[in-house]
Amino acid sequence: MPVVSDTVIARCRRCRTYINPYVTFIEGGQRWKCCMCNLSNEVPQLFDWDQDKNEPADRYARHELNSSVVEFVAPTEYMVRAPQPPIYVFVMDVSYSAISTGMVATAARTLLESLDRIPNADDRTKISLICVDSCLHFFTLPEGSSEPSMLVVGDLDDVFLPKPNDILVNLVGGARAGMETCWTGLNNMLVKTNNRGNALGAGLQAAYKLISHVGGKVVALSATLPNLGPGALKNREDSKVLGTTKESALLQAQTSWYKTFAIECSRSQVSVDMWLFSSAYTDVATLSEPFGF
């Protein structure tokens, strides 16, 4: 993908469309007409200047006038705050169904094998794991220790972090050994569970509390319908309404909790990806409304 690195970004004043190969230059090239709303805009002063060579440049050689898709290196005024380290929090369903179907074992093994592929160019990336059933399971990874500790929080209505540090740790460093030990033995640690609860909403809230001050990505993996705590859902599957006028109600969100939570996340630059592994009813209509799959 072509990269525009001189920080000169031209956008329409009205509709905010970026300058592109389909705009029209008018008034001797001093202004350009937006191809979306036809508004006339001024051409930036440095649009015809090569900042690297410090000499005039051919504007028609610029990437944004030759390619429909480009990547801009944005100046500081485009930043809400200084660049933060990449943060990844994995929220994993460890209920009976998730364990018995092999989802937990497969997910833990895959994530462990993927650690070295997580972006970490400047060695600042941080990572954390939160497991959920009818409780929240946090794993602390002290620096230099290869043995993680599990802290269990049973209060789902007022979610809190059980420890101020060692839950979110650097991907490289002294906590890496404890991280690998934790994920390698995760399935065996919980294999005898009979817990059928899934407090996914509380797990998402905990992840948000953990990283809201810096932003980051939450990856949620669920094998059952969330049925406890905030965002709990009911099984609405009813074969009797299929093919009737009431069937459309199944395609509507059951609760606005997930949409409201997504709005809170966006304000703190937190994104959520959700992966659903259940072969039974999962209410995708509700879960997919604000999140990606």
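Right above here is the structure, for reference.
To start, this report covers the structure provided alongside it. (Residues numbered from 1 in each chain as written. Predicted model: local features only at pLDDT ≥ 70, side-chain atom pairs only at ≥ 80, totals over all residues. Heavy atoms only, no water.)

Notes on helix α3 (residues 176–184)
Each α-helix winds once per 3.6 residues, and so residues spaced three or four apart point in a common direction. Listed as buried for α3 are Arg-176, Gly-178, Met-179, Cys-182 and Trp-183. The arc that holds the buried residues of α3, viewed along the axis, is 160°, so those residues lie on one side. Looking at the buried positions of α3, the neighbouring elements they touch are β8 (87–93), α2 (103–114), β9 (126–132), β10 (136–140), β12 (169–170) and α4 (186–190). (Buried < 20%, exposed > 50% of the residue type's maximum accessible area, 1.4 Å probe, protein only. Helix = DSSP H or I, 4+ residues; strand = E, 2+ residues; numbered from the N terminus. Arc of directions from axis to C-beta. Contact = heavy atoms within 4.5 Å.)

What about the packing of helix α5 (residues 200–211) against helix α6 (residues 257–267)?
Their axes nearest at 11 Å, the elements α5 and α6 cross at an angle of 10°. With respect to their mutual orientation, α5 and α6 come out roughly parallel. Residues Gly-201, Leu-204, Gln-205 and Tyr-208 of α5 pack against Trp-257, Tyr-258, Phe-261, Glu-264 and Cys-265 of α6. In the contact of α5 with α6, the residues fall into six nonpolar, two polar and one charged. (Axes fitted to C-alpha atoms, helices over the stretch in contact; angles between N-to-C directions. Parallel < 35°, antiparallel > 145°, perpendicular 65-115°, else oblique. Nonpolar A, V, L, I, M, F, W, Y, C, P; charged D, E, K, R; others polar.)

Description of the nonpolar core
If you look at the biggest cluster of nonpolar residues, it comprises 35 residues, and the most contacted ones within it are Val-89, Val-91, Leu-136, Leu-204, Ile-211 and Val-218. The biggest single contributor to this core is α5, with eight residues. Of all hydrophobic cores here, the second largest spans 29 residues; its members include Met-92, Val-94, Leu-129 and Ala-175. (Core = buried A, V, L, I, M, F, W, Y, C linked by side-chain atoms within 4.5 Å.)

Structural notes on the pattern of salt bridges
Across all of its chains, the model carries 11 salt bridges by this definition. The closest approach of N and O atoms between Asp-6 and Arg-62, which form a salt bridge, is 2.9 Å. Residue Asp-6 is located in the loop between β1 (3–4) and β2 (24–26), and its partner Arg-62 is located in the loop between β6 (55–56) and β7 (71–72); the two are separated by 56 residues in the primary sequence. The exposure class assigned to Asp-6 is buried, which follows from its relative accessible area of 17%. Residues Arg-124 and Asp-122 are paired through a salt bridge, measuring 2.9 Å at the closest nitrogen-oxygen approach. Its relative accessible area of 34% is what places Arg-124 among the partly exposed residues. (Salt bridge = Lys/Arg side-chain N within 4 Å of Asp/Glu carboxyl O.)

A short note on the environment of Gly-229
Locating Gly-229 in the fold gives a position in the loop between β13 (216–222) and α6. Judged by relative accessible area, which is 33%, Gly-229 ranks as partly exposed. As for Gly-229 and Gly-203, which are separated by 26 residues in sequence, their C-alpha atoms are 9.4 Å apart.

Describing α5
Taking 1.5 Å of rise per residue, 12 residues should cover 16 Å, and α5 covers 17 Å from first to last C-alpha, within 8% of that figure. By the criterion of burial, α5 is predominantly enclosed, with 10 of the 12 residues buried. Every buried residue belonging to α5 is among Leu-200, Gly-201, Ala-202, Gly-203, Leu-204, Ala-206, Ala-207, Tyr-208, Leu-210 and Ile-211, and all of these are buried. Contacts from the buried residues of α5 go to β8, β9, β10, β13, α6 and β14 (270–276). (Expected span 1.5 Å × (residues − 1).)

Quick word on empty space enclosed by the protein
One pass over the structure, following the stated rule, counts one cavity of 30 Å³ or more. In this structure, the largest cavity encloses a volume near 50 Å³. Here the lining of the largest cavity is built from residues that sort into eight nonpolar, one polar and no charged. (1 Å grid on protein atoms, 1.4 Å probe; cavity = no way out; pocket = protein on both sides within 12 Å on 5 of 7 lines; lining within 4 Å. Points joined across faces, edges and corners; volume = space filled by probe spheres on them.)

Some thoughts on unusual backbone geometry
The phi torsion at Asn-54 lies on the positive side, around 55°, for a residue other than glycine. Its place among the elements puts Asn-54 in the loop between β5 (49–50) and β6. Judged by its relative accessible area of 56%, Asn-54 falls in the exposed class. Of note in the backbone geometry, Gln-269 takes a positive phi value of approximately 60° without being a glycine. Here Gln-269 shows up in the loop between α6 and β14. Owing to a relative accessible area of 35%, Gln-269 belongs among the partly exposed residues under this scheme.

Here we look at the side chain of Thr-193
Looking at where Thr-193 falls in the secondary structure, it is placed in the loop between α4 and α5. Residue Thr-193 is classed as buried on the basis of its relative accessible area of 17%. When sequence neighbours within four positions are dropped, the list of residues in contact with Thr-193 reads Val-94, Ser-95, Tyr-96 and Ile-99.

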